[in-house]
Number of protein chains: 2
Amino acid sequence: MTKDILKLDNQLCFPLYAATRQMTKLYRPLLEKFDVTYPQYLVLLVLFETETITVKALGHRLFLDSGTLTPMLKRMEERGLVKRTRSLTDERVVEVTLTDKGKAIEKKAEEVPVAFTKEINLEEAEYFELKRILTKILDQV
Amino acid sequence: MTKDILKLDNQLCFPLYAATRQMTKLYRPLLEKFDVTYPQYLVLLVLFETETITVKALGHRLFLDSGTLTPMLKRMEERGLVKRTRSLTDERVVEVTLTDKGKAIEKKAEEVPVAFTKEINLEEAEYFELKRILTKILDQV
DNA sequence: TACAATTTGATTGTACACAATTAAATTAAG
DNA sequence: CTTAATTTAATTGTGTACAATCAAATTGTA
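A brief look at the structure comes next.

Definitions and limits used
- Residues numbered from 1 in each chain as written.
- Chains lettered and ligands numbered in written order.
- Predicted model: local features only at pLDDT ≥ 70, side-chain atom pairs only at ≥ 80, totals over all residues.
- Heavy atoms only, no water.
- Contact = heavy atoms within 4.5 Å.
- Buried area = accessible area lost by both parts, 1.4 Å probe.
- Salt bridge = Lys/Arg side-chain N within 4 Å of Asp/Glu carboxyl O.
- Polar contact = N/O pair within 3.5 Å; in protein donor to acceptor, adjacent residues only side chain to side chain.
- Helix = DSSP H or I, 4+ residues; strand = E, 2+ residues; numbered from the N terminus.
- Nonpolar A, V, L, I, M, F, W, Y, C, P; charged D, E, K, R; others polar.
- 1 Å grid on protein atoms, 1.4 Å probe; cavity = no way out; pocket = protein on both sides within 12 Å on 5 of 7 lines; lining within 4 Å.
- Points joined across faces, edges and corners; volume = space filled by probe spheres on them.
- Near = heavy atom within 4 Å.
- Axes fitted to C-alpha atoms, helices over the stretch in contact; angles between N-to-C directions.
- Parallel < 35°, antiparallel > 145°, perpendicular 65-115°, else oblique.
- Left-handed = near helix turned anticlockwise from the far one by under 90°.

## Focus: the interface of chain B and chain A
Taken residue by residue, the interface counts 58 residues in chain B and 58 residues in chain A. Summing both partners gives a buried area of about 6000 Å² for chain B against chain A, and 70% of it is carried by carbon and sulfur. Contact with chain A buries surface across chain B, with B:Leu6, B:Leu12 and B:Tyr17 losing the most and accounting together for 12% of the total. Connecting chain B to chain A are six salt bridges. Between A:Asp9 and B:Arg61 there is a salt bridge, and its shortest N-O distance comes to 3.7 Å. Across the chain B-chain A interface, the total number found is 19 residue pairs in polar contact (both at pLDDT 80 or more). Counting residues per element, the ones that place at least two in the side of chain B that touches chain A are α1 (13-31), α2 (38-50), α3 (55-62), α5 (100-109), α6 (111-119) and α7 (124-140) of chain B. With 13 residues, α7(B) is the largest single contributor of residues to the side of chain B that touches chain A. Its residues assigned to classes, the side of chain B that touches chain A comprises 36 nonpolar, eight polar and 14 charged.

## Thoughts on empty space enclosed by the protein
Inspection of the entire model under this criterion finds four cavities of 30 Å³ or more. The space that makes up the second largest cavity amounts to roughly 40 Å³. As for the second largest cavity, its lining consists of A:Thr20, A:Met23, A:Thr24, A:Tyr27, A:Tyr38, B:Cys13, B:Leu16 and B:Tyr17. Counting only elements with at least two residues in the lining of the second largest cavity, the list comes to α1 (13-31) of chain A together with α1 of chain B. For the lining of the second largest cavity, the element with the most residues is α1(A), which contributes four residues.

## Digging into the protein's contact with DNA strand D
What surrounds DNA strand D is a group of 31 residues, the closest being A:Thr37, A:Gln40, A:Arg79, B:Tyr17 and B:Arg84. Considering DNA strand D, the proportion of its atoms within 4 Å of the protein that are sugar or phosphate atoms stands at 77%. Within the contact set of DNA strand D, a phosphate oxygen lies 3.0 Å away from a backbone nitrogen or oxygen of B:Lys56. A distance of 2.8 Å is found between a phosphate oxygen of DNA strand D and a side-chain nitrogen or oxygen belonging to B:Lys74. Secondary structure elements with two or more residues in the surface near DNA strand D: α2 (38-50) and α4 (66-78) of chain A together with α1, α3, α4 (66-78) and β2 (82-86) of chain B.

## A short note on the packing of helix α7 (residues 124-140) of chain A against α1(B)
Direction vectors running N to C along α7(A) and α1(B) enclose 40°, while the axes themselves pass 9 Å from each other. Relative to α1(B), the element α7(A) is oriented oblique. As α7(A) packs across α1(B), the resulting crossing turns out to be left-handed. On α1(B), the residues touching A:Lys131, A:Leu134, A:Thr135, A:Ile137 and A:Leu138 of α7(A) are B:Pro15, B:Leu16, B:Ala18, B:Ala19, B:Gln22 and B:Met23. The residue inventory of the contact of α7(A) with α1(B), partitioned by class, reads eight nonpolar, two polar and one charged.

Take a look at the structure:
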């Protein structure tokens, strides 16, 4: 029965793909008050750590390219969350920084992972095992 | 240091989100010869199992709604992979079936998961543990 | 110095993804 | 038999994703 390898229930990537979308859906109401989407929230998390980052480095960190980031960062700029500045030393480079409004989110944002972890009913061991395996996959790419 | 819960490296959903996109990227060249995307490939997998399914049931199986499926199925219909037929007994229902061209893909499609599993360098135990935990998450939703 | 190769964002085009709404058909209650 | 409630797809609008291409700036090399 080699044919069973095409059964949906035997796929690994399908639950990966579906679980990702379900998780994003769980985040939506938690992020609503900050008026950001889940990918935008990830950009904020990076900026909380680094203060300033180039589009290139941000893309490397989040595994996203400029075709996704450029319009997304422009939307975030329109909403007053970030500032985009072209580097003085190299005009090709755009640096992204948090505005005061963006910085203000950091204090309140801690409740987001707390609330999420509560909603996603996962054993602590499973939580870390899942994270470990996924990170291993990413490290290979 | 409660603040560390906002660190990107401490997030569970970020590697989930990133790994999903990387996996989709690995699938792309494998699916190219069939001229389908990864979500379209999932539709094919369902149809290999059921022959005929309503949009509603397909959405339930793949965790997708009509706003995603309707245009996607129309594209697949344009490419001659599926047929969309409005039910005779209930005009609200649309039934999706494979065409001969769609059916023909099944024989060759087995090489896709084979090639993918080879590329993704994961211990068998990790493979199944990852699948198990993700499925558990999906069952909760 | 010239100038080809490289780097970096931006742009374009296609394809999801989903919330919210609409429209058509069916079902159920009185 | 009527009409309100429900069911089911389709539509609309916004926001990712990403391949492919472009354009501008910088760098390396003869």
